[in-house]
Amino acid sequence: MHPAPSLIAFSTLSGLGLGLLAMLGLGLAPVAGLTGLVFFALAFALAGGGLLSSALHLGHPERALKAFTQWRSSWLSREAWLAVTALAVMATYAALAILAGIVVPPLGGLGAALSLGTVFATAMIYAQLRTVPRWHHWSTPALFLGYAIAGGTLLSGHVGPAAILLAAMSAAQIAAWVAGDARLAASGTDIATATGLGGRGAVRLFEPPHTGGNYLTHEMVFRVARRHAVKLRVIALLLAFAVPVAFLLLPFGHILAALAVLSHAAGVAVQRWLFFAEAEHVVGFYYGRRLP
Amino acid sequence: MTTLPATTDRKLGLVIDLDTCVGCHACVIACKGWNTQNYGAPLADADAYGAEPVGAFLNRVHSFEVQPGDGPAQIVHFPKSCLHCDDAPCVTVCPTGASYKRAEDGIVLVNEDDCIGCGLCAWACPYGAREQDPVEKVMKKCTLCVDRIYNDTLPPEDREPACVRTCPTGARHFGDLADPESAVSRLVAERGGFDLMPEQGTAPVNKYLPPRDRDTLDVLAPLLPPVDEGPKGFLGWLDRTLERI
């Protein structure tokens, strides 16, 4: 799939921001006073900025409000509702905590659930697609939630839990990559079923429909060279997990903490680039894709 | 709503004969022509005379080579457009309700005024039947020429999809696949029509007819008696005369 910068920015930033909002809602990060204000501002900037960047992906962003109508069937519509209600509930919770000094735990808990629900809905947009076997698996929402929770823990300054969660997530990510590599071949879809001609012999594309590209090949038949994919996986693991954990194990300081967060965010962005770039859409079989 | 109808009264669709298609791409051009000049946003081309031309099409013809274990390879021309699936995944993912399947005839359509151009329906379709128009930025797809098939201002013979009407070899057939007695349903039954990617669970309405076997030799051919025992007439005289020289 085409790794659109707006989608990578959206899922990286909003994942971190919603993870931090969940921590704030659960009372696992300081919510009162100036510290609370800084935490809330950071969380809303990340989550809100990410959601705004997702609108850049649309052909007609001026019609975006229509996306709230189909929550009964569409995960994208559910994501829109969850994102808006999560931000509204958390804004109320933040205003009460900072302006009036009143912390309402049930409201925070609801906001945390809605924040993580938004991350889940985002992941389900991808996981629901049978056409992309690498994504069509329960591990996709599990990973997205894991990244949001680990990132939120890191952002809220829990050194010990963050180090443990990041280490666990690196193992989960490696397992997801290894399992994902085999999923296209295991899906049962190939050029034989795509053409229905598999029973007659070995099928290959003789001639594409046209000499140039088209929307489908640009959007869904994106290819990433495998040796780059391996290098990028290593870079993602180092930036997202190894470097932040190393910084966390050093004596704590604000500069080191900021560097750990920046490194983690950069690593997640690389991971999200791979999430799209490595995902194989079955329409590729009509355009000459072969199983690895 | 972008929920699918439980059943549709009719299942209008295409039956495409892979045995007959010669890969002339006339259906591609007829489709582009009709759907550029009639209902909805025109099918645009971008950089049409430049280095990287790209454009929106609702129908494209691929060509595949099939190599059997023994015997010569066969080229199969393969027109591909929207299959108007019963369980259309492009419809349920749509966040705005722009994408819908009609309960009366099963045609899957896009209300372009409601489309936000998110492209998720194109991701959900395994067949590549949906493309975003490069100029209008809305999703385009085969309408089964809904503005032809019910169009009383057209002569009756023209009330079928442009691709079917134009096909010079009769490789494309249009009809109601819910009616077992319709011409298309009988064709599917007789010729063993099949679904594309049945494992994707989309239950496509359009069917494809397999190519017939070609280039097979009769195994008894070497044992048949020779047809021409000896030349007669002028050739016989020539044969005898040349023999004498």
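Before reading on, note that the structure itself is shown above.
Residues numbered from 1 in each chain as written. Chains lettered and ligands numbered in written order. Predicted model: local features only at pLDDT ≥ 70, side-chain atom pairs only at ≥ 80, totals over all residues. Heavy atoms only, no water.

**Student:** Looking at this model, I keep getting lost on the overall build of chain A. Mind explaining?
**Tutor:** Helix and strand content of chain A: 11 helices and one strand. Reading chain A from its N end, one meets helices and strands in the order α-α-α-α-α-α-α-α-β-α-α-α. The C-alpha atoms of chain A give a radius of gyration of 21 Å, which matches the 19 Å a tight globule of 292 residues would have. Across its three principal directions, the C-alpha atoms of chain A cover 75 × 45 × 30 Å. Across the 292 residues that make up chain A, the buried fraction comes to 50%. Sequence-distant contacts, at least 24 apart, represent 74% of the contacts inside chain A between residues at least 6 apart. For chain A, the accessible area works out to roughly 12200 Å², and carbon and sulfur atoms hold 75% of it. (Helix = DSSP H or I, 4+ residues; strand = E, 2+ residues; numbered from the N terminus. Rg over C-alpha atoms; globule rule 2.2 N^0.38 Å. Buried < 20%, exposed > 50% of the residue type's maximum accessible area, 1.4 Å probe, protein only. Contact = heavy atoms within 4.5 Å. Areas by Shrake-Rupley, 256 points an atom, 1.4 Å probe, with all protein chains shown as cover.)

**Student:** What exactly am I supposed to notice about the sheet that holds strand β10 (residues 172-176) of chain B here?
**Tutor:** Backbone hydrogen bonds hold the strands of a sheet together, and the pairing may be parallel or antiparallel. All names here are of chain B. With mixed pairing, the three strands of this open sheet are ordered in space as β10-β1-β11. Of all the strands in the sheet, the pair left with one neighbour each is β10 and β11 (207-209). Between one strand axis and the next, the sheet turns by 25° as a mean value, whatever way the strands run. Of the pairings in the sheet, the one linking strand β1 (residues 12-17) to β10 comprises five bridges and is antiparallel in character. Considered in β10, the bridge of Leu14 is made with Phe174. Helix α6 (residues 183-191) rests against β1, β10 and β11 of the sheet, and its axis sits at about 120° to β10. (Pairing = 2+ DSSP bridges. Axes fitted to C-alpha atoms, helices over the stretch in contact; angles between N-to-C directions.)

**Student:** Even after reading the chapter, I still don't get the pairing of β1(B), so can you show me in this structure?
**Tutor:** As a general feature of sheets, a regular strand has side chains that alternate between the two faces. All names here are of chain B. Counting buried positions over the six residues of β1 gives six, a clear majority of the element. Burial along β1 is two-sided: Leu12, Leu14 and Ile16 facing one way and Gly13, Val15 and Asp17 facing the other are all buried. For β1 and β11, the ladder comprises three bridges, and the chain directions are parallel. Residue pairing for β11: Val15 is matched across the bridge by Lys207.

**Student:** What exactly am I supposed to notice about the interface of chain B and chain A here?
**Tutor:** Quite often, the size of an interface is put as the accessible area lost when its parts meet. Residue-level contacts link 61 residues of chain B with 59 residues of chain A. Sorting the residues of chain B by area buried against chain A places Phe64(B), Ile116(B) and Trp123(B) first, and these three jointly supply 17% of that buried surface. Counting across the chain B and chain A interface gives three salt bridges. When the shortest N-O distance is used, the salt bridge between Arg200(A) and Asp213(B) registers 3.1 Å. The tally of links between chain B and chain A comes to 29 residue pairs in polar contact (both at pLDDT 80 or more). Of all the elements, strand β4 (residues 59-67) of chain B adds the most residues to the side of chain B that touches chain A, at eight residues. Here the side of chain B that touches chain A is built from residues that sort into 32 nonpolar, 16 polar and 13 charged. Of the pairings in the sheet, the one linking strand β1 (residues 202-207) of chain A to β4(B) comprises five bridges and is antiparallel in character. What sits directly across from Glu207(A), in β4(B), is Ser63(B). (Buried area = accessible area lost by both parts, 1.4 Å probe. Salt bridge = Lys/Arg side-chain N within 4 Å of Asp/Glu carboxyl O. Polar contact = N/O pair within 3.5 Å; in protein donor to acceptor, adjacent residues only side chain to side chain. Nonpolar A, V, L, I, M, F, W, Y, C, P; charged D, E, K, R; others polar.)

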